[in-house]
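Each chain, letter by letter, is given below.
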Amino acid sequence: MPVKSQVLFFDVNETLLDLTAMKSKIADVLDGNENLLSLWFTTMLQYSLVTSASGQYRPFGQIGAATLQMVAANNQITLSEEKARETVLSALRKLPAHPEVKRSLERLKDANFTLAAFTNGSQEGVTQQFEYAGLTPYFDTILSVEGAKKFKPFQEAYQYASQQMKVNLNESMMIAAHGWDVAGAQWAGWRAAFIKRPGQQLYPLAPTPEIVATDLEQVTDRLLQY
């Protein structure tokens, strides 16, 4: 039987928060094309990695606005920097939690797990997200990669989070709905649990996480057996 991790680190967007509400807001500036949301999100991740790999750092919201302009331009849509930034911030910061999230977090807290949010978003942004979604009381710590100046899945990001929580890498577990996040966490020395939200897949060339489930409730059921 596996042992408990000292700290459970939770990704935020898609893992805890439902991105469905973003579609209409992003579509509003992309001529009503909701299908471009996934392309924009992927492009945002791509350029966050380009930024980190180049030894640079810009807040995730700024990268999101810049890449939204890029996606718009590739679809012959004119979008100003100001409008792009306003759209991204309003879309990201007013997202509800998935239906099972609060009850699952409550169960984990009751079982004396230490819970930490760990996001590529800014500290200010995730704080506002959690206040809107009502998730703040469930977490011992809310962490952003801002302190590391490296985005997940760079190893330095995970190392920074473990250092902040004063635990070893192998005492840390990433819980995320993104194959790239659980892959990066495991390659950095963390344990991992993958939530298979719609449209999300594990990376076949990465190690298989010790928990693979369809929602946070199933992950919680497994963790409470440890």
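Let me begin by describing the structure that accompanies this report.

### As for the sheet that holds strand β4 (residues 172-176)
One open sheet accounts for six strands, arranged β3-β2-β1-β4-β5-β6; its pairing is parallel. The open sheet terminates on both sides in strands that have one partner only, identified here as β3 (141-144) and β6 (211-213). Here the average twist between neighbouring strands, direction ignored, is 20°. Strands in contact with helix α6 (residues 123-133) are β2 (114-119) and β3; relative to β3, the strand with the most contacts, it is inclined by about 140°.

### Considerations on the packing of aromatic side chains
Applying the stated rule across the entire model yields 11 aromatic pairs. Judged by centre distance (6.2 Å) and plane angle (45°), the rings of Phe118 and Trp190 are tilted. Of the two residues, Phe118 is situated in strand β2 and Trp190 in the loop between α8 (179-187) and β5 (191-195); the sequence distance between them amounts to 72 residues. Each member of the pair, Phe118 as well as Trp190, carries the same accessibility label: buried. Measuring from centroid to centroid gives 5.1 Å for Phe130 and Phe139, while their planes differ by 35°, and the two rings are tilted. Phe139 sits in the buried class, given a relative accessible area of 8%. One aromatic cluster in this structure is built from Phe9, Phe118, Tyr158 and Trp190.

### Observations regarding the nonpolar core
Formed by 74 residues in total, the largest nonpolar core has its most connected members in Leu135 and Phe139. Among the elements that take part in this core, helix α3 (residues 60-74) stands out by supplying six residues, more than any other. Residues within four places of Phe139 in sequence aside, it is in contact with Phe10, Leu16, Leu105, Leu115, Ala116, Ala117 and Phe130.

### Observations regarding a nonpolar patch on the surface
Judged by side-chain polarity, Tyr47, Val50 and Met70 come together as a nonpolar surface patch covering roughly 220 Å² of accessible area. Within the element layout of this structure, Val50 appears in helix α2 (residues 36-53). Taking relative accessible area as the criterion, Val50 reaches 39% and is therefore assigned partly exposed.

### Section: the side chain of Arg191
Here Arg191 is to be found in strand β5. Residue Arg191 is classed as buried on the basis of its relative accessible area of 15%. Setting aside residues up to four positions removed in sequence, Arg191 forms contacts with Pro2, Val3, Lys4, Ser5, Asn170, Ser172, Met173, Met174, Glu210 and Tyr226.

### So, the pattern of salt bridges
Under the defined criterion, the tally for this structure stands at nine salt bridges. When the shortest N-O distance is used, the salt bridge between Glu81 and Arg85 registers 3.2 Å. Of this pair, Glu81 and Arg85 both sit in helix α4 (residues 81-92), four residues apart, which is roughly one turn of that helix. The exposure class assigned to Arg85 is partly exposed, which follows from its relative accessible area of 31%. As a salt-bridge pair, Lys109 and Asp140 come within 3.1 Å of each other at their nearest N and O atoms. Of this pair, Lys109 sits in helix α5 (residues 101-110) while Asp140 is found in the loop between α6 and β3, placing the two residues 31 residues apart along the sequence. By relative accessible area, which is 43% here, Asp140 ends up partly exposed.

### Section: the pairing of β5
Most of β5 is tucked away, with five of its five residues classed as buried. The two faces of β5 match: Arg191, Ala193 and Ile195 on one face and Ala192 and Phe194 on the other face are all buried. The sheet contact formed by β4 and β5 spans four bridges and is parallel. Bridging from a neighbouring strand, Met173 pairs with Arg191 of β5. At this point the chain moves from β4, through α8, to the parallel β5, and the crossover so formed is right-handed. Here β5 runs beside β6; their pairing, made up of three bridges, is parallel. Bridge pairing in β6 links Ile195 to Ala213.

Definitions and limits used
Residues numbered from 1 in each chain as written. Predicted model: local features only at pLDDT ≥ 70, side-chain atom pairs only at ≥ 80, totals over all residues. Heavy atoms only, no water. Pairing = 2+ DSSP bridges. Helix = DSSP H or I, 4+ residues; strand = E, 2+ residues; numbered from the N terminus. Axes fitted to C-alpha atoms, helices over the stretch in contact; angles between N-to-C directions. Contact = heavy atoms within 4.5 Å. Phe/Tyr/Trp six-rings, centres within 6.5 Å; stacked < 30°, edge-to-face > 60°. Buried < 20%, exposed > 50% of the residue type's maximum accessible area, 1.4 Å probe, protein only. Core = buried A, V, L, I, M, F, W, Y, C linked by side-chain atoms within 4.5 Å. Patch = residues over 30% accessible without salt bridge, like charges linked within 9 Å, V, L, I, M, F, W, Y side chains within 5 Å. Areas by Shrake-Rupley, 256 points an atom, 1.4 Å probe, with all protein chains shown as cover. Salt bridge = Lys/Arg side-chain N within 4 Å of Asp/Glu carboxyl O. Right-handed = clockwise from strand over helix to strand, strands pointing away.

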